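# Structural overview
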There are 2 protein chains.
Amino acid sequence: MTGTERNEYQPKKDAPIGVFDSGVGGLTVVREIIRQIPNEKIVYFGDTARVPYGSKSQETVTRFSEQIVRFLKTFQVKTIVVACNTASAYALDTLEKDSHIPMIGVVKPGARMAAEVTKNGRIGVIATEATIGSQIYANYIQALNKNVAIYGKACPLFVPLVEEGLLEDPVTDEIAGRYLSELIDIDIDTLILGCTHYPLIRSTLGRVMGKGVTLVNPAYETARELKSLLTEQNLLHEEPPGLGSNRYQFYVSDKAEKFVRFANSIIKYGILSAKTVNIEEY
Amino acid sequence: MTGTERNEYQPKKDAPIGVFDSGVGGLTVVREIIRQIPNEKIVYFGDTARVPYGSKSQETVTRFSEQIVRFLKTFQVKTIVVACNTASAYALDTLEKDSHIPMIGVVKPGARMAAEVTKNGRIGVIATEATIGSQIYANYIQALNKNVAIYGKACPLFVPLVEEGLLEDPVTDEIAGRYLSELIDIDIDTLILGCTHYPLIRSTLGRVMGKGVTLVNPAYETARELKSLLTEQNLLHEEPPGLGSNRYQFYVSDKAEKFVRFANSIIKYGILSAKTVNIEEY
């Protein structure tokens, strides 16, 4: 299935929001959505069979993302949140072109906030190799304000360290110190956490950067922008969904149990189960 | 394509050996094959689009491995080396059942050597979460010698540390110290490097474990066993292949350039190029 979708549908107010990520990191975005628009239903997909995306190519990440969008559309989702910086950087433009429902990535909202809060015009971005290589944060921010300088730094070890649970640990401090030293030397005053795993080591990052630096969490800004988008399009659900309406559904491409364990450490909602799907069939 | 293959063929002496891994780690096995049987042609496949396997389920790793075997058979390979501990642990039995050509994994040769060299009957295995969870090393070793005790330890950060190039680094020392401390306390005298990335931090592992512990590198043992297998089946190629015969071919599912860079740091042969294939189509 490529190009125009076979099953077009009109987005409805009481339909769920689709959210996807390469794995568990996107749950930091789900957490913010639940906080800010608690009446919405959510269908989440985490591509745990093919995680991580951050070291992979644009072509591959786009192909994976297209499969996931086709899967989410089987739930008649009213909008799709690309809760992965790498997929937002590499695939969002292509996904939007082929889709009739509104989509939102995590990069633009984060970029906009950073451009607003910087005072000295020096913004740092930490993210995966792919997101940094794409220059997407720099491009968005400079389109908003040409006088801002953006410094990107890929931090490939942060995701494995988070997934190993070393959220507060001397090793994570040491690695953060190495990755961030050049951003400190450059005297940035704003740092974008350009990967959905990074808010989980926010306190380490804040300590290493020092008090003078504002940390921007794109998850928070994305949830805010999602609320505006749904309001504008008259798609916001004002009432809580009824009982038994499957409020939050979680799907993964591999290892549902491990996902559930990690998910419950991020979202305090109590995720009881996740289902496994063979995403390559979509 | 499942079950019986559509294109059966008779393995021939001058056909290449197929080798596959989840990514670059299997090149440590290729390095040993080139050293021990230098007249052979090799077709290597690294699944860089879906790496790593070590945190994924048996079902997923088996599905991925079956696709790769179908791909390698398009080269009429005379044998297939599963140069990935996780795939050897999870998929080799299934792959062998469906195949008419000989296959060899990295687990059995490593297990056999460890059972031979231990003096105090206490063997440690370090590997990915999947390989440790499968208990495959313990099962093989105890089938050879019931009086041996095997202690497994998953070391999920070693692969990202190696891929980040921290081969000689205080952070790798610190993490190795944590992972290995319980194996030191248990007083093992033999340690199996049960992931193809680990020989690249062999000196760190040796330093942490101390001189009394023998490190077993399954890559070396696998190449030895491959030579025996080919000799037995009268498939060993005695003469160097002619000029222009594409001696070593490398395929990946993503990012050929990055692969080539890393590959050249492992194999001193001078890998000039690798080709990208869409492995999901096999």
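Anything mentioned here points back to the structure above.
Residues numbered from 1 in each chain as written. Chains lettered and ligands numbered in written order. Predicted model: local features only at pLDDT ≥ 70, side-chain atom pairs only at ≥ 80, totals over all residues. Heavy atoms only, no water.

### Here we look at the overall build of chain A
- Secondary structure assignment for chain A yields 12 helices and 10 strands.
- Relative to the globule expectation of 19 Å for 282 residues, the C-alpha radius of gyration of chain A, 18 Å, shows essentially globular dimensions.
- The C-alpha extent of chain A, read off along each of the three principal axes, is 50 × 40 × 35 Å.
- Burial statistics for chain A: of 282 residues in total, 60% are counted as buried.
- Taking the contacts inside chain A whose residues are at least 6 apart along the sequence as the reference set, 78% of them involve residues at least 24 apart.
- Approximately 11700 Å² of chain A is accessible, and the part contributed by carbon and sulfur atoms is 48%.
- Treating the 31 positive side-chain charges of chain A as one cloud and the 33 negative ones as another, the clouds have centres 3 Å apart. (Helix = DSSP H or I, 4+ residues; strand = E, 2+ residues; numbered from the N terminus. Rg over C-alpha atoms; globule rule 2.2 N^0.38 Å. Buried < 20%, exposed > 50% of the residue type's maximum accessible area, 1.4 Å probe, protein only. Contact = heavy atoms within 4.5 Å. Areas by Shrake-Rupley, 256 points an atom, 1.4 Å probe, with all protein chains shown as cover. Lys, Arg positive; Asp, Glu negative; His and termini not counted. Charge placed at Lys NZ, Arg CZ, Asp CG, Glu CD.)

### Some thoughts on the relation of the copies chain A and chain B
- Screw-axis analysis of chain A against chain B gives a translation of 0.0 Å along the axis, an RMSD of 0.0 Å, and a rotation angle of 180°. Both chain copies can therefore be described as sitting about a two-fold axis. Measuring from the rotation axis to each C-alpha of chain A, the shortest distance belongs to R50 of chain A, at 2.3 Å.
- A symmetric contact is evident, with 100% of the interface residues of chain A recurring at the interface of chain B. (Least-squares fit on C-alpha atoms with pLDDT ≥ 70 in both.)

### Some details on unusual backbone geometry
All names here are of chain A.
- The residue after V51, namely P52, is reached through a cis peptide bond having omega -5°.
- Within the secondary structure, P52 sits in the loop between β2 (42-46) and α2 (58-73).
- Residue K255 is not a glycine yet carries a positive backbone phi of 50°.
- Its location among the elements puts K255 in the loop between β9 (248-252) and α12 (256-266).

### Some words on the sheet that holds β2 of chain A
Residue and element names in this part refer to chain A.
- Spatial strand order, β4-β3-β1-β2-β9-β10: six strands in an open sheet with parallel pairing. Taken across any chain shown, the strands that pair with only one partner, and hence form the sheet edges, are β4 (103-105) and β10 (275-276).
- Direction of pairing for strand β1 (residues 17-21) relative to strand β3 (residues 79-82): parallel, over a ladder of four bridges. The residue of β3 that forms the bridge with F20 is V82.
- Strands in contact with helix α1 (residues 27-36) are β1, β2, β3 and β9; relative to β2, the strand with the most contacts, it is inclined by about 170°.
- Against the sheet, α2 touches β1, β2, β3, β4 and β9, its axis set at about 155° to β1. (Pairing = 2+ DSSP bridges. Axes fitted to C-alpha atoms, helices over the stretch in contact; angles between N-to-C directions.)

### Side note on the interface of chain A and chain B
- On the chain B side, the residues contacting the 32 residues of chain A number 32 residues.
- Where chain A packs against chain B, one counts nine salt bridges.
- At the junction of chain A with chain B, the criterion picks out 22 residue pairs in polar contact (both at pLDDT 80 or more).
- The set of elements that each furnish at least two residues to the side of chain A that touches chain B consists of α2, α8 (158-163) and α9 (170-185) of chain A.
- For the side of chain A that touches chain B, the leading source of residues is α9 of chain A, giving six residues.
- Grouping the amino acids of the side of chain A that touches chain B by side-chain chemistry returns 13 nonpolar, seven polar and 12 charged. (Salt bridge = Lys/Arg side-chain N within 4 Å of Asp/Glu carboxyl O. Polar contact = N/O pair within 3.5 Å; in protein donor to acceptor, adjacent residues only side chain to side chain. Nonpolar A, V, L, I, M, F, W, Y, C, P; charged D, E, K, R; others polar.)

### Observations concerning the nonpolar core
- Core analysis: the largest hydrophobic core is formed by 116 residues, its most contacted members being F158 of chain A together with F158 of chain B.
- Once you skip the residues sitting within four places of it in the chain, F158 of chain B turns out to touch I126, I175, A176, Y179, Y198, I201 and L205 of chain B.
- F45, V77, A87 and M103 of chain B belong to the second-largest nonpolar core, a separate cluster that totals 28 residues. (Core = buried A, V, L, I, M, F, W, Y, C linked by side-chain atoms within 4.5 Å.)

### A closer look at the side chain of T118 of chain A
All names here are of chain A.
- One can find T118 in the loop between α5 (107-117) and β5 (122-127).
- A distance of 3.0 Å separates a polar side-chain atom of T118 from the backbone nitrogen of G121.
- Among all residues touching T118, those that are not within four sequence positions of it are I123, V148, D189 and T190.

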